[in-house]
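For reference, the chains in residue letters:
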Amino acid sequence: MGVLPFHPDSCADFLTSDELHRIQLHRLQTVVRASYEHVPLTRQRMQERGVKPEHIRSLADIAALPFMQKTDLRDTYPYGLFARPMSDIVRLHASSGTTGKPIIVGYTRDDLNVWTSVMARTFSAVGLNQHDVIQNAFGYSLFTGGLGAHYGAEALGATVIPISGGNTERQIMVMQDFGVTAICSTPSYFLHLVEAVEASGRGFGNLNLKTGVFGAEPWTDSMRAHIQSRTGIKAYDIYGLTEIIGPGVATECEQQAGMHVFEDHFLMEIVDPKTGKTLADGEEGELVLTTLSKQAIPMIRFRTHDITSIITEPCACGRTIRRIRRITHRCDDMMIIRGVNVFPSQIEAALLEVEPTLPHYQIVLSRKEGLDQMEVRIEVTEAMFRDKVSALEQLQKRMEHAIEHVVGLRVNVRLVEPRSIARSEGKAKRVVDQRKEG
Ligand SMILES: [Zn+2]
């Protein structure tokens, strides 16, 4: 049996813009009506603006609708935004909230089918098929990553290993013995696995691994280059949010040149994060998403806080669904240091310029005598640790200069012993802000 060029569900990636717009408008009208009828908060906000479902006659009319925020899910905890009775809900997930209660999302049977389909399209877009053995190291839990990737990979026809996150030794054993060809995880956890494989004296050359599907945290192009050259695999970026569906909102294709948004299910807009005004295609701003087919919790004009822009040129892969640029920062992960806006991704890019095999690092913010201080703690590798003290001092100076060059601030770099920064098996905690604590 030959291999299909892509999964049958991927046909929706190649619709003409006319076909796509007709599907989008029909679905938008349906989802707006359902929200108006079944979600009190949405109905109240639409009424305040004098907007009725029948006013949505074109896709551009979406601009008349109110935005939704993550706080809306918190304020209506647990089920206040559900548009369907609990008897229709077959699954719940929750976000890993860092403060207070999590946000809870629900799925109907049809919602799960859509999720499975967009994840199968995701895997297909990065070149995986039924011959692949996929090690799914996303956590199987309330977190959407594990089960989202699991069902999509099964629908693709691949062999799925539901190993979940953690237990690094077992991950490596499975990767080696089971002939794993692709892995799903956060990029930081994959780097942790790479370190462990190398520490054990084994190389990536003996493994069958050729593809990494990475998401759930922002990472940079330099990080990708680093992962690819260190392991010889191709590393792909995927994008999703619990509030929208989980993973499966957008994915890179084999071109690795931006992420295709599954526009038949998720309508995207780019808005000015301050004014909420819609920006033209190509301009950088905040991504706003509307779920076009979600039944359990329709999200209309959801403010993602992720900063990106729409790529207007067609992609060499032939997909007609449009792409967004890689998301390297969120409007709310911006750090304000002595009045200067700094993003963690800028620090990472500066460090990678100096040291392409960037070890683990963490940014620590504190306040001394009323002044913001930023310290970047960087673990030196075992090899670097054996270097002369003067070499390490030079490295530290070069890193400080590189950061100052990029962000325009003097920053302390502190080199710390190998493995002295706490590892997370999920998302890496890159920024520790101690300013609020004292
Ligand atoms: Zn493409």
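Since the model is a prediction, treat every value here as computed from it, not as a measurement.

**Q** Looking at this model, I keep getting lost on the sheet that holds strand E11 (residues 285–291). Mind explaining?
**A** The pairing of strands in a sheet happens through backbone hydrogen bonds and is either parallel or antiparallel. Strand order in the open sheet formed by four strands is E10-E11-E12-E15, and the pairing between neighbours is antiparallel. Single-partner strands in this sheet number two, and they are strand E10 (266–271) and strand E15 (329–330). Two elements, E11 and strand E12 (residues 302–308), share four bridges in a ladder whose sense is antiparallel. Bridge pairing links valine 288 to arginine 303 in E12.

**Q** Which parts of the structure should I look at to understand the pattern of salt bridges?
**A** Oppositely charged side chains can pair when the atoms bearing their charge come close. One pass over the structure, following the stated rule, counts 25 salt bridges. A salt bridge links arginine 377 to glutamate 375; the nearest nitrogen and oxygen atoms lie 2.8 Å apart. Between arginine 414 and glutamate 375 there is a salt bridge, with the nearest N and O atoms lying 3.3 Å from each other. Separated by 39 residues along the polypeptide, arginine 414 in strand E20 (residues 412–416) and glutamate 375 in strand E19 (residues 371–379) bring together distant segments of the chain. Overall, glutamate 375 belongs to the buried group, its relative accessible area being 19%. In the salt-bridge network here, residues are joined through shared partners; they are Asp221, Arg224, Asp237, Glu252 and Arg326.

**Q** Please explain the coordination of the zinc ion as it appears in this structure.
**A** In a perfect tetrahedron of four donors around a metal, the angles come out at 109.5 degrees. In a perfect octahedron of six, they are 90 or 180 degrees. The protein atoms donating to the zinc ion are Cys253 (SG), His260 (NE2), Cys315 (SG) and Cys317 (SG), with metal-donor distances spanning 2.1 to 2.3 Å. The coordination sphere of the zinc ion comprises four donor atoms, whose angles at the metal cover 103 to 114°; the geometry is tetrahedral. All donors of the zinc ion come from a single chain, and their spacing in sequence reads C-x6-H-x54-C-x1-C.

Thresholds applied
- Residues numbered from 1 in each chain as written.
- Predicted model: local features only at pLDDT ≥ 70, side-chain atom pairs only at ≥ 80, totals over all residues.
- Heavy atoms only, no water.
- Pairing = 2+ DSSP bridges.
- Helix = DSSP H or I, 4+ residues; strand = E, 2+ residues; numbered from the N terminus.
- Salt bridge = Lys/Arg side-chain N within 4 Å of Asp/Glu carboxyl O.
- Buried < 20%, exposed > 50% of the residue type's maximum accessible area, 1.4 Å probe, protein only.
- Donors = N, O, S within 2.8 Å, 3.2 Å for Na, K, Ca; no water.
- Tetrahedral: all angles 85-135°; square planar, octahedral: opposite > 155°, others 65-115°.

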